[in-house]
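Structural overview
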Amino acid sequence: VSAEVVLKLKQFHAQNMGNTVWALAKLAIQDFHLLSAMSAESIRKLGDFKPQELSNTAWAYAKLGFRHTPLMYALGAAS
């Protein structure tokens, strides 16, 4: 499933990105390949994120213990 998601990330809207990473965290799915791809795509689309999507994304990465420094800095700047 994650390989399909990675292929379709460019089609995801900000809400799709936030919801997907939130769901991964709720289910404790640590798919580092998917999270890395989502991090890069989230940075590209961060201007479209609403406050809820920003907070869901930050929470999810923290919950999973996945460190992506460029995304964390970008989230902080967008807040």
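In this report, the structure presented in the accompanying data block is examined. Every value quoted in this text rests on a predicted model; they were computed, and no experiment measured them.

Criteria and thresholds
- Residues numbered from 1 in each chain as written.
- Predicted model: local features only at pLDDT ≥ 70, side-chain atom pairs only at ≥ 80, totals over all residues.
- Heavy atoms only, no water.
- Helix = DSSP H or I, 4+ residues; strand = E, 2+ residues; numbered from the N terminus.
- Rg over C-alpha atoms; globule rule 2.2 N^0.38 Å.
- Buried < 20%, exposed > 50% of the residue type's maximum accessible area, 1.4 Å probe, protein only.
- Contact = heavy atoms within 4.5 Å.
- Lys, Arg positive; Asp, Glu negative; His and termini not counted.
- Charge placed at Lys NZ, Arg CZ, Asp CG, Glu CD.

1. Side note on the overall build of the protein chain
Within the protein chain, the secondary structure is distributed over five helices and zero strands. N-terminal to C-terminal, the α/β element order of the protein chain is α-α-α-α-α. For the protein chain, whose C-alpha radius of gyration is 11 Å, the value lies close to the compact-globule estimate of 12 Å for 79 residues. Viewed in the frame of its principal axes, the protein chain has a C-alpha envelope of about 30 × 25 × 20 Å. Within the protein chain, buried positions represent 41% of all 79 residues. Restricting the contact set of the protein chain to residue pairs at least 6 apart, pairs at least 24 apart contribute 74%. The positive charge centre, built from 8 side chains, and the negative charge centre, built from 5, are 5 Å apart in the protein chain.

2. Some remarks on the side chain of Glu53
Relative to the assigned elements, Glu53 resides in helix 4 (residues 51-64). If near-sequence neighbours (up to four positions away) are discounted, Glu53 is found in contact with Ala14, Gln15 and Asp48.

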